[in-house]
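What follows is the residue order along each chain.
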Amino acid sequence: MNELVICRHRPGAGEGVTTVLTIGQDGKVTGTDPNLSLVLGYSNSEIDGRPLKQLIASPEDNPLSPDYASYHDSGRPLTVTFRHSGGYFMAARVVVRKVSHGRASPLAAPATARPVPKKPVTAAPRPSDREDIARTKALLAHIRECLATGGLPLEYQPIRAMNHPDIGLGLEILARLRGTNRDDADMPPREFLPLIERFELSRRLDRQVIKQTLCHLYRHPDLASALGYCGFNLSRGSLQDRTLPAFIGRALEKTGLDPASLCFEIPAQHAINFTAECRQLCRMLRQLGCKTALDGAGTSMESYRLAGRLPVDYIKLAPELLDGLHDEPTHLVMAEALQRIANTTGKVTIATSVENDIARRRVQTLGVHFIQGRHVSAPRPLKQLVSDTGGQSAGAIA
């Protein structure tokens, strides 16, 4: 059996209230505690014996899913959307723990009654707070709908060869989100990524982006055959997801695409914080035939060490490093160091955020192999890529 320790999110009101559900081997609720009504709004009799899947918003929110094994093992909380008795959805933090046969259940009735602590008095939320909470809930519901139905408006940004043989069409896939209303513009990542990360939805976003891109390539085999580098950004959730390589492997089997053309980009900060997980993921993706990249190298001394030691194929220089190449000598020295590391370890470098011809000439002098940025091309809708590639040299698409 498992216990779900559930703490309801209470924006602006501290930690909220915690309750415990005991889930049997058949996936049904076998026990509750008195705080259930405060957290989920149900009485104990309404919950006992019900399958857990009836209390969560969707199968992806099942906290007992094998996909969340790393959370179970480490005791880290994850965010789950539950169905409230009032008919609406609510987010809560959940910790999954095994019920030990050798210890008494915390749901067992105590031998003597204990006084119930008084609930702390909190100030009523101000109207502006209510509006912020309402907007957050609406955006979260919109994000969940987009992830469930697919159809994210993806964009791509071309990558051009400089001091390296042409490897074919190079591009990075960029995620966008449909506007909440039909006439609204697509939302850039800064408007929705913080909420996706807060509610542990980044893993689902990454998978949806990969799925849509591979489907697009499958529908356009000429485009797929011209592809040399297709980069996907990986979130922290995906780096800790042990089932991601299997998901990618199944997608490759279904589409028949060349795995060597796919590159999964790992942010340097995540690589620093989760080095062991990143190393394992790189090895598993390499077994599939895919490539990996360290993205954002050069912003810390630790990223230089990882650039040489992680089993990645590409090193992407951080935009902050390139900003001052023309007038900041230390930036030039740091970029040179990364290029030497790449040359020594047999890796390929990509300079990101190359915005003008001055920056292009600088990185070309350094020996950087590829460039990416508005000097090459601004991001474009992925659906336009078919017509864009007709008759062009794939590596020089702009």
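Scroll up a little and you will see the structure.
In this report, we go over the structure that sits alongside the text. (Residues numbered from 1 in each chain as written. Predicted model: local features only at pLDDT ≥ 70, side-chain atom pairs only at ≥ 80, totals over all residues. Heavy atoms only, no water.)

**A closer look at the overall build of the protein**
- Scanning the protein from N- to C-terminus turns up 16 helices and 14 strands.
- Every one of the 398 residues in the protein was classed for burial, and the buried ones make up 47%.
- In the protein, 62% of the contacts between residues at least 6 apart in sequence involve partners at least 24 apart.
- As displayed, the protein offers around 19800 Å² of accessible surface, 52% of which is attributable to carbon and sulfur atoms. (Helix = DSSP H or I, 4+ residues; strand = E, 2+ residues; numbered from the N terminus. Buried < 20%, exposed > 50% of the residue type's maximum accessible area, 1.4 Å probe, protein only. Contact = heavy atoms within 4.5 Å. Areas by Shrake-Rupley, 256 points an atom, 1.4 Å probe, with all protein chains shown as cover.)

**Let's talk about helix α15 (residues 357–366)**
- A359, R360, V363 and L366 are the residues of α15 that are buried. End-on view of α15: buried residues confined to an arc of 125°, all on one side of the axis.
- Contacts from the buried residues of α15 go to α13 (319–323), α14 (329–345), β12 (348–351) and β13 (370–372).
- The N-terminus of α15 is capped by N356, whose side-chain oxygen sits 3.2 Å from the backbone nitrogen of I358.
- Backbone geometry just after α15 places G367 at a positive phi near 95°. (Arc of directions from axis to C-beta. Polar contact = N/O pair within 3.5 Å; in protein donor to acceptor, adjacent residues only side chain to side chain.)

**Details of the pairing of strand β9 (residues 262–267)**
- By the criterion of burial, β9 is predominantly enclosed, with 5 of the 6 residues buried.
- Bridge count for strand β8 (residues 227–233) against β9 is 4 bridges, and the pairing is parallel. Bridge pairing links C230 to L262 in β9.
- Note that β9 and strand β10 (residues 291–297) share 5 bridges and pair parallel. If you follow C263 over to β10, its bridge partner there is K291. (Pairing = 2+ DSSP bridges.)

**Topic: the side chain of Q212**
- Its location among the elements puts Q212 in helix α6 (residues 202–219).
- The class of Q212 is buried, set by a relative accessible area of 16%.
- Once residues lying within four places of it in the same chain are set aside, the contact partners of Q212 are G150, G151, L152 and L154.

**Here we look at the pattern of salt bridges**
- Scanning all chains against the criterion turns up 11 salt bridges.
- In the salt-bridge network here, residues are joined through shared partners; they are E172, E265 and K316. (Salt bridge = Lys/Arg side-chain N within 4 Å of Asp/Glu carboxyl O.)

**Regarding the packing of aromatic side chains**
- Enumeration over the complete set of coordinates arrives at 2 aromatic pairs.
- Relative to Y314, the ring of Y229 lies with its centre 4.8 Å away and its plane at 80°, an arrangement referred to as edge-to-face. With Y229 in strand β8 and Y314 in strand β11 (residues 314–317), this pair connects stretches of sequence that are 85 residues apart. For the pair Y229 and Y314, a shared accessibility class is recorded, and that class is buried.
- Aromatic side chains F232 and F264 sit 5.5 Å apart centroid to centroid with 20° between the ring planes, which places their arrangement in the stacked category. Here F232 is found in strand β8, whereas its partner F264 is found in strand β9, with 32 residues between them in sequence.
- Residue classification places F264 among the buried residues on the basis of a relative accessible area of 0%.
- Between R203 and the ring centre of Y68, over which it is positioned, the NZ or CZ distance is 5.3 Å. (Phe/Tyr/Trp six-rings, centres within 6.5 Å; stacked < 30°, edge-to-face > 60°. Lys NZ or Arg CZ within 6 Å of the ring centre and 35° of its normal.)

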